[in-house]
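Structural description and commentary
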Amino acid sequence: MLKAAKLTKLRQRLEMEKERIEGHIIELEGMLRLEDREISSGEDDADVAARVVSYNGLIALLESEQQTLEEIEQALRAVQDGSYGRCVVCGSDIQLARLEARPYARRCITCQERQGG
Ligand SMILES: [Zn+2]
């Protein structure tokens, strides 16, 4: 079980991380809208091709940030219902060092290594 003080610290980190990612998502969405306009108004094929590459890169980045945001939100819900810090696969406590490195980890190291990702 996590000590209350540790839990509070981890929750604060989750909230800060959530804010940072939400800000980044808004930024990425703004950049995507801009690229979108440039692509539809582009006349030079090479220029359009280059922009499509950067557009796809932005989409990939946006999706990965949204995925992380989802994981953070799940972790914050787990803090509220008291299941935070427990591996969702085997139910054992997730190592504190692992939570400190990645506060939204949902699996212990053993399950993580077994399943990958
Ligand atoms: Zn596990």
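Now for a description of the structure that goes with this document. As the structure is a computational prediction, the values presented were derived from the model and not from experiment. (Residues numbered from 1 in each chain as written. Predicted model: local features only at pLDDT ≥ 70, side-chain atom pairs only at ≥ 80, totals over all residues. Heavy atoms only, no water.)

Turning our eyes to something else, we now look at the coordination of the zinc ion. Listed as protein donors to the zinc ion are Cys-87 (SG), Cys-90 (SG), Cys-108 (SG) and Cys-111 (SG); their distances from the metal cover 2.2 to 2.3 Å. Here the zinc ion is ringed by 4 donor atoms whose angles at the metal span 106 to 115°, and the overall shape comes out tetrahedral. Looking at Cys-90, the relative accessible area reads 46%, which means it is partly exposed. Cys-108 sits in the buried class, given a relative accessible area of 4%. (Donors = N, O, S within 2.8 Å, 3.2 Å for Na, K, Ca; no water. Tetrahedral: all angles 85-135°; square planar, octahedral: opposite > 155°, others 65-115°. Buried < 20%, exposed > 50% of the residue type's maximum accessible area, 1.4 Å probe, protein only.)

Further remarks concern the pattern of salt bridges. For the coordinates displayed, the defined rule picks out 8 salt bridges. When the shortest N-O distance is used, the salt bridge between Lys-6 and Glu-100 registers 3.0 Å. Note that Lys-6 is positioned in helix 1 (residues 4–41) and Glu-100 in helix 3 (residues 96–101), a separation of 94 residues in sequence. For Lys-6, a relative accessible area of 33% corresponds to the partly exposed category. Classification of Glu-100 by relative accessible area gives partly exposed; the value is 34%. (Salt bridge = Lys/Arg side-chain N within 4 Å of Asp/Glu carboxyl O. Helix = DSSP H or I, 4+ residues; strand = E, 2+ residues; numbered from the N terminus.)

Membership of the largest hydrophobic core comes to 22 residues, with the highest contact counts inside it found for Leu-14, Ile-72, Tyr-84 and Leu-99. Of all the elements in the fold, those that place two or more residues in this core are helix 1 and helix 2 (45–81). At 8 residues, the largest contribution of residues to this core is made by helix 2. Aside from chain neighbours lying at most four places away, what touches Leu-14 is Ile-72, Ala-75, Leu-76, Val-79, Tyr-84, Pro-103 and Tyr-104. (Core = buried A, V, L, I, M, F, W, Y, C linked by side-chain atoms within 4.5 Å. Contact = heavy atoms within 4.5 Å.)

What follows is about the packing of helix 1 against helix 2. For the pair helix 1 and helix 2, interaxial distance at closest approach is 9 Å and the crossing angle is 155°. Relative to helix 2, helix 1 is oriented roughly antiparallel. In the packing of helix 1 onto helix 2, the handedness of the crossing is left-handed. Counted by class, the contact of helix 1 with helix 2 contains 19 nonpolar, 4 polar and 12 charged residues. (Axes fitted to C-alpha atoms, helices over the stretch in contact; angles between N-to-C directions. Parallel < 35°, antiparallel > 145°, perpendicular 65-115°, else oblique. Left-handed = near helix turned anticlockwise from the far one by under 90°. Nonpolar A, V, L, I, M, F, W, Y, C, P; charged D, E, K, R; others polar.)

Let us look at helix 1. Its 38 residues place the ends of helix 1 55 Å apart at the C-alpha level, agreeing with the 56 Å of an ideal helix rising 1.5 Å per residue. Here helix 1 has its buried residues at Leu-10, Leu-14, Ile-21, Ile-25, Leu-28, Leu-32 and Glu-35. Against the buried residues of helix 1 lie helix 2 and helix 3. (Expected span 1.5 Å × (residues − 1).)

Keep in mind these values describe shape, not function.
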